[in-house]
Amino acid sequence: MSAIDVSGLTVRYGDVLALDDVSLSVESGRVTGLIGMNGSGKSTLFKTIIGLVRPTAGQVRLEGADPGSARRRGLIGYVPQSEDVDWTFPVSVRDVVMMGRYGHQGVLRRARAADKDAVGEALERVELTDLADRQIGQLSGGQRKRAFVARGIAQGAGILLLDEPFAGVDKRSEATIVRLLRELAASGCTVLVSTHDLHALPSLADEAVLLLRRVLFHGSVDEALEPGNLARAFGLESDADQEETP
Ligand SMILES: Nc1ncnc2c1ncn2[C@@H]1O[C@H](COP(=O)(O)OP(=O)(O)OP(=O)(O)O)[C@@H](O)[C@H]1O
Ligand SMILES: [Mg+2]
């Protein structure tokens, strides 16, 4: 059984066909890079996997479970694209990371020592301990990303989805996040991460998926980065992005 199993997934937003018959299996203990041009459906794929978007057709299984129950069991962590986060929300960095512990707490959501320890340790790992009490919006872009990565770490999720965690992030923050994701995968976590940073892909990912509404390619990073494959994925070739939505 794959950690993430997506089959025949089609997603429409009204007239827009965002995903077209996507099938994909992602194995545990690996970092898989999700590559595709703007509008190719990366965020839609993440949102459908986590259960925020309901597919028009097809299904998602997370270690055999449907997205709703996987989410309730804290099996899956999600670092949304920055544009999808309300940064004015009045919560501190520590609060954001503690949200990752909700699945471990009772209905009263009272943080126990184990929760506080997990949050403290996750903040250390992303080097944000000093900024823990700041409102989340008062961090730089790279620090915000690291805060959300810490939330996923504190959650102890077996599956972690990260939507462009390197966008607007400097080399040091990027290196920190890459190292953390490699460590998580080495400890058995399944990591699916979208990125536009193709240079970092070989050090980040064990395998890569090229998405353009459909899965164009799924295999080794080296092969994914071959010019012909990239040309297809980025719509630079005649047959890549010609189809209009029916
Ligand atoms: N809520 C929505 N309502 C209508 N159309 C949407 C919605 N969200 C996304 N789309 C459309 O679906 C397609 C896929 O969008 P999506 O955000 O998944 O792409 P993406 O690969 O994440 O792009 P980017 O690299 O810019 O983040 C685009 O054509 C987009 O305009
Ligand atoms: Mg996106």
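Up top you'll find the structure we're talking about.
Trainee: Looking at this structure, I do not really get the site of ligand 1. What am I missing?
Mentor: Ligand 1 sits among 14 residues. The nearest are Gly39, Lys42, Ser43, Thr44 and Gln81. Within the side chain of Thr44, one N or O atom sits 2.5 Å away from an oxygen atom of ligand 1. In the environment of ligand 1, an oxygen atom lies 3.3 Å from a nitrogen or oxygen atom belonging to the side chain of Glu164. Considering ligand 1 on its own, with 630 Å² of exposed area, one finds that the protein chains cover 62% of that surface. Put simply, the parts of the chain that give the shell around ligand 1 at least two residues each are strand 2 (16-26) and helix 1 (42-50). Per-element tally for the shell around ligand 1: the top contributor is helix 1, with three residues. Here the shell around ligand 1 is built from residues that sort into four nonpolar, eight polar and two charged.

Trainee: Please explain the packing of helix 4 (residues 113-125) against helix 5 (residues 141-155) as it appears in this structure.
Mentor: For any two helices packed against each other, the geometry comes down to the angle between their axes and how far apart the axes lie. It is at 8 Å that the axes of helix 4 and helix 5 come closest, and there the two elements cross at 140°. In terms of orientation, helix 4 lies oblique with respect to helix 5. Every pair of crossing elements has a handedness; the one defined by helix 4 and helix 5 is right-handed. Side by side, helix 4 and helix 5 meet where Ala118, Val119, Ala122, Leu123 and Arg125 of the first sit next to Ala150, Ile153 and Ala154 of the second. Its residues placed into classes, the contact of helix 4 with helix 5 shows seven nonpolar, no polar and one charged.

Trainee: Which parts of the structure should I look at to understand the sheet that holds strand 2?
Mentor: Two orientations exist for strands paired in a sheet by backbone hydrogen bonds: parallel and antiparallel. With antiparallel pairing, three strands are arranged side by side in an open sheet as 2-1-4. Strands with a single pairing partner mark the edges of an open sheet, and in this sheet they are strand 2 and strand 4 (57-62). Averaged over all adjacent pairs, the angle separating strand axes in this sheet is 20°, with direction ignored. Pairing of strand 1 (residues 4-13) with strand 4 involves five bridges; the strand directions are antiparallel. Across the sheet, Thr10 pairs through a bridge with Ala57, a residue of strand 4. In this fold helix 1 packs onto strand 1, strand 2 and strand 4, with an angle of close to 115° to the strand it touches most, strand 1.

Rules and cut-offs
- Residues numbered from 1 in each chain as written.
- Chains lettered and ligands numbered in written order.
- Predicted model: local features only at pLDDT ≥ 70, side-chain atom pairs only at ≥ 80, totals over all residues.
- Heavy atoms only, no water.
- Near = heavy atom within 4 Å.
- Polar contact = N/O pair within 3.5 Å; in protein donor to acceptor, adjacent residues only side chain to side chain.
- Areas by Shrake-Rupley, 256 points an atom, 1.4 Å probe, with all protein chains shown as cover.
- Helix = DSSP H or I, 4+ residues; strand = E, 2+ residues; numbered from the N terminus.
- Nonpolar A, V, L, I, M, F, W, Y, C, P; charged D, E, K, R; others polar.
- Axes fitted to C-alpha atoms, helices over the stretch in contact; angles between N-to-C directions.
- Parallel < 35°, antiparallel > 145°, perpendicular 65-115°, else oblique.
- Left-handed = near helix turned anticlockwise from the far one by under 90°.
- Contact = heavy atoms within 4.5 Å.
- Pairing = 2+ DSSP bridges.

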